Amino acid sequence: MALRLFARTGHPDFLDLPWEIPLADWDHPRLEEIPAGLHRHVVRFVRHDHRLYVLKELPRRYAEREYRFLNYLKEEDVPTVTAVGVVTDRRDADGEELEAVIITRHLSYSLPYRLLFSRRSDPELIETMLDALADLLVRIHLVGFMWGDCSLSNTLFRRDARHLAAYLIDTETGELHPSLTRGQRLYDLELAVERTAGELLDLEAQGLVPEGLDPADFGMDLEQRYHDLWGALTEVERFSTSERHRIGDRLSRVNNLGYDVGEVELVKVDGDEMELTLHVVEPARFKRMLKDRTGLDAEERQARFLLEDIESYGRWLECIGDGVSSQRLPRRWYQDSYLVVLERVPDELWGRRDGPQLFAEVVDHWRWIMGERGVDMHLVEGADNYVANVLAPADDEEVVATEDAFFTESPPSDLM
């Protein structure tokens, strides 16, 4: 059997899988039969050592370019699925050539847009989805990647404190450039507007779009939010030398959006006027800060929530005369607050939320109870109440397929 398997270290070698058989015909004990709807390519799920992997069969050049793009975007801290390997040079028992397969790690606790709309559990779903999509599109454009296929179907969402985080899952039609021209960005944005509106029209026909939502307005709102965020991060700002405070104001605004600025360029132009340009804008500022201080991996808004809770916990310790240094505070919070909350969750409920999201929801729930009832309550009591009344009735989200079984869609005519 001819076979070439290129896989990243830290993952299985996958050599025990029947690569000489088309993916659609596989019958293997490690296969997970997760309903995945219709895709333009065959997709199968394989479990290995308590980890779930996604296998997608497609022409070799598309598999190799997707693997390359996903790795590049991951290195640039763009939210994407993790590319694990590519299998090429496959042939069946008769020597006939088979398509290549790209292997990615399943994105735990990720939710497809159709499932989010079908549950309608979040009254601010549209707002959070629009913000997440606009942020994702801006982030890939900042690193010179033109998606070419931006849509809700090619995006997965994860809970991010009170918001959502969007992950890119399909890059086979993308293009990588040193930087994107304005025309390339706007063309990519135009495609996103058209396709997201079209997808919502399909949902509207199934009765899944909330009353009052116009699919066309969704696309136009996405466009506006993209322009607002892109401008906040990249626009050249002009001001007089007497307005030096605007430099700090601009940096603070960008930091609050979750981005770090590597360089600030100031150019004196007419008279006493200056032009301010920001360079090397790096996303995931709060994620990096939380990782440095606690070792926890979290989404951006989760990280910001947890960092604020650490500061709040530090102020409380000072009030009761038990203050600690800023260096020791994160460890004290982790042991006395974070772990204490997570330990209240029974093992059988851990598929509902990941750790940072669970902690953020518990704290929100605890504060809401105290505000509603006007009584003091220990955080542990709030955690128990959350587990019983919110988490226990919730659905499992650790492993959710890219489409629910009751949704079907016709594969696009291209790249079939």
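Everything below is about the structure printed above this text.
All of the points below concern the structure found in this document. (Residues numbered from 1 in each chain as written. Predicted model: local features only at pLDDT ≥ 70, side-chain atom pairs only at ≥ 80, totals over all residues. Heavy atoms only, no water.)

1. Description of the side chain of Asn 154
Keep this limit in mind: Each helix is a run of H or I in the DSSP string that is no shorter than four residues. Each strand is a run of E no shorter than two, and both are numbered from the N terminus. Under this definition, polar contacts are N or O atom pairs within 3.5 Å; protein pairs additionally need one hydrogen-donor-capable and one acceptor-capable atom, and for neighbouring residues in sequence, both atoms have to be side-chain atoms.
Tracing the backbone through its elements, the reader meets Asn 154 in the loop between strand E8 (145-146) and strand E9 (155-160). In terms of polar contacts, Asn 154 uses its side chain to reach the side chain of Asp 149, at 2.8 Å.

2. Topic: the pairing of strand E5 (residues 82-88)
Put simply, the rule reads: Under the scheme applied here, a residue whose accessible area is under 20% of the maximum for its type counts as buried, over 50% as exposed, and between as partly exposed, the area being computed with a 1.4 Å probe on protein chains only. When DSSP finds two or more bridges between a pair of strands, those strands are recorded as paired.
Of all seven residues in E5, six are buried, a share of seventy percent or more. Two elements, strand E1 (residues 4-7) and E5, share four bridges in a ladder whose sense is antiparallel. Within E5, the position partnered with Ala 7 by the bridge is Gly 85. Where E5 meets strand E6 (residues 100-105), five bridges bridge the pair, whose relative direction is antiparallel. Opposite Val 87, over in E6, you have Val 101 as the bridge partner.

3. Considering the packing of helix H7 (residues 285-294) against helix H8 (residues 300-319)
Selection criterion: Between N-to-C directions, angles cover 0 to 180 degrees, with each direction set by a line fitted to C-alpha atoms, over the stretch in contact for helices. Here roughly perpendicular refers to angles of 65 to 115 degrees, roughly parallel to angles under 35, roughly antiparallel to angles over 145, and oblique to all remaining angles. Here a crossing is called left-handed whenever its near helix is offset anticlockwise from the far helix by less than a right angle, and right-handed whenever the offset is clockwise. Contact between two residues is taken to exist if any of their heavy atoms lie within 4.5 Å; hydrogens are not considered.
Between H7 and H8, the least distance of the axes is 8 Å, while the angle of their chain directions is 50°. Accordingly, the angle class assigned to the pair H7 and H8 is oblique. You can see that H7 and H8 cross each other, and the crossing is left-handed. On the side of H7, the interface is formed by Arg 285, Phe 286, Lys 287, Met 289, Leu 290, Arg 293 and Thr 294, while H8 contributes Glu 300, Ala 303, Arg 304, Leu 306, Leu 307, Ile 310 and Glu 311.

4. Things to note about the pattern of salt bridges
For clarity, the cut-off: For this document, the term salt bridge refers to a Lys or Arg side-chain nitrogen within 4 Å of an Asp or Glu carboxyl oxygen.
Going through the model one piece at a time under the given rule, you end up with 35 salt bridges. With a closest N to O distance of 2.9 Å, Arg 246 and Glu 237 form a salt bridge. With relative accessibility at 23%, the residue Arg 246 sits in the partly exposed group. Take Glu 237: its relative accessible area is 13%, and that puts it in the buried class. Each of Lys 56, Glu 66, Asp 170 and Glu 172 takes part in one network of salt bridges that share partners.

5. Let's talk about the nonpolar core
Stated precisely, the cut-off is as follows: Side-chain atoms within 4.5 Å are what join buried Ala, Val, Leu, Ile, Met, Phe, Trp, Tyr and Cys residues into a set we call a nonpolar core.
Membership of the largest hydrophobic core comes to 66 residues, with the highest contact counts inside it found for Phe 117, Met 129 and Phe 157. Of the residues forming this core, the biggest block, 11 residues, is contributed by helix H3 (residues 125-142). Not counting chain neighbours up to four residues away, the residues in contact with Phe 117 comprise Leu 125, Ile 126, Met 129, Leu 200, Leu 203, Leu 208, Pro 210 and Leu 213. Formed by 34 residues, the second largest nonpolar core is a distinct cluster that contains Ala 303, Ile 310, Leu 329 and Trp 333.

6. So, the side chain of Ser 110
By the secondary structure assignment, Ser 110 is in strand E7 (residues 110-111). Setting aside residues up to four positions removed in sequence, Ser 110 forms contacts with Leu 156, Phe 157, Arg 158, Glu 397 and Val 400.

7. Structural notes on the sheet that holds strand E14 (residues 273-282)
With respect to topology, three strands assemble into an open sheet ordered E12-E14-E13, the strand pairing being antiparallel. Sheet topology places strand E12 (237-240) and strand E13 (260-268) at the edges, where each strand pairs with a single neighbour. Strand-to-strand twist in this sheet, taken as the mean axis angle between neighbours without regard to direction, amounts to 30°. With four bridges connecting them, E12 and E14 associate as antiparallel partners. Paired with Arg 238 across the bridge in E14 is Glu 275.

8. Thoughts on the packing of helix H10 (residues 355-373) against helix H11 (residues 379-391)
Defined as follows: Each residue receives one of three labels: charged for Asp, Glu, Lys and Arg, nonpolar for Ala, Val, Leu, Ile, Met, Phe, Trp, Tyr, Cys and Pro, and polar for the others, Gly being one of them.
Following both chains from N to C, one finds H10 and H11 inclined at 105°, their axes separated by 8 Å at the closest point. With respect to their mutual orientation, H10 and H11 come out roughly perpendicular. Facing H10, whose interface residues are Leu 358, Glu 361, Val 362, Val 363, His 365, Trp 366, Ile 369 and Arg 373, H11 presents Leu 379, Gly 382, Ala 383, Asn 385, Tyr 386, Val 390 and Leu 391. Looking at the contact of H10 with H11 residue by residue, the classes come out as 10 nonpolar, three polar and two charged.

9. Looking at unusual backbone geometry
Located in the positive-phi region is Asp 77, a residue other than glycine, with phi close to 65°. Its location among the elements puts Asp 77 in the loop between helix H1 (60-75) and E5. Judged by its relative accessible area of 40%, Asp 77 is partly exposed. At Asp 89, a residue that is not glycine, the phi angle is positive and equals roughly 55°. Turning to its location among the elements, Asp 89 is positioned in the loop between E5 and E6.

10. Quick notes on the sheet that holds E9
Taken in spatial order, the three strands of this open sheet run E7-E9-E10, and their pairing is antiparallel. For this open sheet the edge positions go to E7 and strand E10 (163-168), each flanked by a neighbour on one side alone. Both E7 and E9 contribute to a ladder of two bridges, which runs antiparallel. Bridge assignment links Ser 110 to a residue of E9, and that residue is Arg 158. Those strands touched by H3 are E9 and E10, and its axis lies near 40° from that of E10.

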